[in-house]
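# A structural walkthrough
One-letter residues, chain by chain:
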Amino acid sequence: MRYSLLSVASLLLLSIPLNPAQAANPEDITRLQETRECRRCDLSEADLTAMDLAGANLEYADLEEADLSGADLRGANLAGANLKGAHLIFANLEDANLRGADLRPSNEIEQPEINLLDEIDEIVETIEADEDFIENVLDELEDEDEEDEGNEDEDEEDEGKEDEDEEDEGNEDEEDEEDEEDEEPKTTQEAIARTCNRSLLETKTSQYAGEIIGKIRFPDPIENEEEAIEIVVNLDSANLRGADLSLAKLEKASLIRANLSKANLAFTQLPEANLQQANLQNSFLGGANLNRANLQGAVLNSADLNGATLSYANLRNARLNRTNLDTANLQQAEFINAISRQSNFAGASIQSADFARANLHGSSFIRANLRCAELQEANLDEAGLNHANLTYTILENANLTRAKLGVANLTYSNLQGAILESAYLQGATLVNSDLSGGDLSLAVLRMANLTDVTLVGATLEEANLSQATLKNANLSYSNLTQTQLIGANLLNANLSNANLQEADFSQGYLLGADLTNAIISDTIFKGAVRWTDLDY
């Protein structure tokens with residue numbers, strides 16, 4: 001095979017890196033300063049710091065990596081503009097139009113240095129001297145391929161035997177896994193750990209996501225790829241009050257302490273953006289993408305995040321009072337120590353989210369999915385959790401005073417030490433849950449399913465458990481003073497050492513129940529089926 005000298009020389013010339021495009025068109029900059037009208041202008045890398053551009057028309061302008069720090073862009077039209085890697089620190093963008101603007105990171109490619117011969121004649125001479133080099137290499141490769149094909153045929157038989165052995169080993173492993181899965185968890189905590197895979201929850205969103213403005217991607221040493229420097233849009237402390245950022249692309253943008261109050265961020269792309277301590281009060285974020293965004297300490301009071309995506313987002317210490325998160329995706333998001341009073345989480349996907357020590361007073365979680373969520377020490381007093389999925393949740397020492405949990409599913413949940421005073425749990429499912437030491441005084445648990453529940457040392461004084469199912473429940477050492485258990489099913493329940501003073505078990509089913517050392521003074525058993533009623 002022969003290659004023409006011209007074609008090879010052409011390939012070499014094409015490999016020479018071209019000079020980068022000249023940054024900013026001087027004529028465009030002059031026109032912008034004089035008329036404030038510069039649609040589709042080339043202002044890339046332009047120095048526009050502290051410039052007065054209020055009301056300017058920069059629609060679809062190219063402002064990639066431009067420096068607009070401290071610029072006055074109030075009411076400016078930046079719709080569809082290219083602002084990749086732009087610097088807007090302390091810029092005033094109040095009421096600006098940024099609809100559909102591109103504020104994603106800008107990748108500046110650094111070409112590797114190539115040592116080229118000074119003259120084309122020398123290149124041609126080198127090619128002529130070694131013109132058979134390529135053919136020789138190709139011939140050697142063809143010979144190697146033929147040898148490899150022969151070796152492959154011999155190896156296939158050995159591989160077949162190895163595959164059979166691997167299949168046998170695989171079947172044995174599968175059988176072992178099935179045996180482990182079939183084994184019932186011994187405690188509620190073990191069930192939660194197994195089902196929710198707590199090791200995954202240890203990998204949380206970095207609180208420094210998007211904080212570093214420049215991030216270097218190192219080249220692959222084998223493939224010798226080009227180095228790419230990722231320049232993130234910087235809007236730190238920028239004033240975007242009332243700005244229209246709907247459909248804008250702000251991936252990884254830095255918006256630390258930015259003012260976005262009353263801004264329109266509908267369907268805005270903000271994955272991995274840094275919004276630490278940003279002001280988002282009364283802003284609209286419906287359908288926005290905030291995956292892995294850092295909202296630590298941000299203020300979102302009265303913001304609307306209906307249908308927004310915040311999976312893996314960091315909302316530690318954030319304020320979300322009266323915030324609308326209806327049907328939002330909050331899977332594995334962090335709300336540790338967040339304040340979210342009277343907010344709306346109805347229908348939201350909150351699986352494996354962390355609300356430890358969060359203040360959720362009066363918030364609504366109706367039909368929300370909180371499976372595997374962590375809510376230890378959270379304040380949920382007067383919260384609405386009717387029909388919510390709380391299976392495998394951790395509610396240890398949580399405050400659920402007067403909370404509404406009607407028909408909620410709390411199967412295998414950890415409620416140790418939880419306060420459920422006057423809580424409404426009618427028709428709720430608490431199968432295999434652990435409420436040891438919990439306070440359920442005055443709680444309504446009519447028709448609730450508490451099969452295999454653990455209530456050791458719990459307080460159920462004056463609670464209503466009429467027609468509830470408490471089969472195999474452990475109520476030892478619990479306080480059931482004046483508790484209503486009319487028509488309740490306590491088959492094989494453990495009531496040893498329990499205080500049953502003035503409790504009402506009328507029409508109840510106590511077959512096999514253990515009342516050893518229980519206090520039964522003034523206890524009502526009218527019409528109840530007890531161990532003493534059986535005729536052996």
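Residues numbered from 1 in each chain as written. Predicted model: local features only at pLDDT ≥ 70, side-chain atom pairs only at ≥ 80, totals over all residues. Heavy atoms only, no water.

## Focus on the overall build of the chain
Per the secondary structure count, the chain includes six helices and three strands. Overall, the chain shows an N-to-C arrangement of helices and strands of α-α-β-α-α-α-α-β-β. In the chain, which comprises 536 residues, the proportion classed as buried is 44%. Put simply, of all contacts in the chain between residues at least 6 apart along the chain, 16% involve residues at least 24 apart. Accessible surface, the chain as shown: approximately 26600 Å² in total, 43% of it carbon and sulfur. (Helix = DSSP H or I, 4+ residues; strand = E, 2+ residues; numbered from the N terminus. Buried < 20%, exposed > 50% of the residue type's maximum accessible area, 1.4 Å probe, protein only. Contact = heavy atoms within 4.5 Å. Areas by Shrake-Rupley, 256 points an atom, 1.4 Å probe, with all protein chains shown as cover.)

## What to know about the pattern of salt bridges
Taken as a whole and assessed by the stated rule, the structure comprises eleven salt bridges. When the shortest N-O distance is used, the salt bridge between Arg39 and Glu59 registers 3.0 Å. Note that Arg39 is positioned in the loop between helix H2 (26-35) and strand S1 (106-110) and Glu59 in the loop between H2 and S1, a separation of 20 residues in sequence. Under the relative-accessibility criterion, Arg39 is labelled partly exposed at 35%. (Salt bridge = Lys/Arg side-chain N within 4 Å of Asp/Glu carboxyl O.)

## Concerning the side chain of Gln376
Among the secondary structure elements, Gln376 is positioned in the segment after strand S3 (227-231). At 3.4 Å, the side chain of Gln376 and the side chain of Glu374 are in polar contact. Apart from residues lying up to four places away in sequence, Gln376 is in contact with Ala356, Arg357, Ile394, Leu395 and Glu396. (Polar contact = N/O pair within 3.5 Å; in protein donor to acceptor, adjacent residues only side chain to side chain.)

## Considering the environment of Ala403
Structurally, the position occupied by Ala403 is in the segment after S3. With a relative accessible area of 0%, Ala403 lands in the buried category. In this structure, the C-alpha to C-alpha distance between Ala403 and Leu420, residues 17 residues apart in sequence, is 7.3 Å. When neighbours within four sequence positions are excluded, Ala403 is seen to be in contact with Leu380, Glu382, Ala383, Ala423 and Tyr424.

## Structural notes on the confidence of the model for the chain
A residue-level look at the chain finds 75% of positions with pLDDT of 70 or above and a mean pLDDT of 84. Taking the mean pLDDT of every element in the chain, the minimum, 30, falls on strand S2 (residues 214-217) and the maximum, 90, on H2. Below pLDDT 50 for its whole length, residues 1-22 participates in 20 contacts with residues either more than four positions away or in separate chains. Across residues 199-226, confidence stays below pLDDT 50; counting only partners more than four residues off in sequence or on other chains, it has 57 contacts. (pLDDT = per-residue confidence, 0-100.)

## Things to note about H2
Where H2 begins, the capping side chain belongs to Asn25, and its oxygen is found 3.0 Å from the backbone nitrogen of Glu27. Where H2 terminates, the next one or two residues include Arg36, which has phi positive at roughly 60 degrees.

## Considerations on the state of the cysteines
In total, this model carries two disulfides according to the counting rule given. Each sulfur in the disulfide pair Cys196 and Cys372 lies 2.0 Å from the other. Between Cys196 and Cys372, the S-S torsion sits near -80 degrees, and that sign places the bridge as left-handed. With a gap of 176 residues between them, Cys196 in helix H5 (residues 188-196) and Cys372 in the segment after S3 connect regions that are remote in the sequence. A single burial state applies to Cys196 and to Cys372, both of which are buried. Once the bonded cysteines of the chain are numbered in order along the sequence, the disulfide links fall as 1-2, 3-4. (Disulfide = S-S within 2.5 Å.)

## Here's the deal with the packing of aromatic side chains
Applying the stated rule across the entire model yields seven aromatic pairs. A centroid spacing of 4.4 Å and a plane angle of 5 degrees characterise the contact between Phe335 and Phe355, whose relative ring orientation is stacked. Of this pair, Phe335 sits in the segment after S3 while Phe355 sits in the segment after S3; the two residues are 20 residues apart in sequence, bridging distant segments of the chain. Pair check on accessibility: Phe335 and Phe355 agree, each one buried. Ring pairs connect the aromatic residues Phe335, Phe345, Phe355 and Phe365, which therefore count as one cluster. Directly above the aromatic system of Tyr312 lies the positively charged group of Arg292, at a separation of 4.2 Å from the ring centroid. (Phe/Tyr/Trp six-rings, centres within 6.5 Å; stacked < 30°, edge-to-face > 60°. Lys NZ or Arg CZ within 6 Å of the ring centre and 35° of its normal.)

## Overview of unusual backbone geometry
Phi at Asp95 is positive, roughly 60 degrees, even though this residue is not glycine. One can find Asp95 in the loop between H2 and S1. A positive phi angle, close to 55 degrees, is found at Arg322, a residue other than glycine. Mapped onto the fold, Arg322 is located in the segment after S3.

## Topic: H5
Buried within H5 we find Thr188, Ala191, Ile192 and Cys196. Looking straight down H5, one finds that the buried residues subtend no more than 100 degrees of arc, so they occupy a single side. Looking at the residues trailing H5, positive phi occurs at Asn197, about 50 degrees. (Arc of directions from axis to C-beta.)

## What to know about the environment of Glu59
Taking the C-alpha atoms as reference, Glu59 lies 5.0 Å from Arg39; in sequence the two are 20 residues apart. If near-sequence neighbours (up to four positions away) are discounted, Glu59 is found in contact with Arg39, Arg40, Asn77 and Ala79. A polar atom in the side chain of Glu59 sits 3.0 Å from the side chain of Arg39.

## A look at the environment of Gly457
Relative to the assigned elements, Gly457 resides in the segment after S3. Separated by 21 residues in the primary sequence, Gly457 and Ser436 place their C-alpha atoms 5.9 Å from one another. Beyond its immediate sequence surroundings of up to four residues, Gly457 is in contact with Gly437, Ser476, Tyr477 and Ser478.

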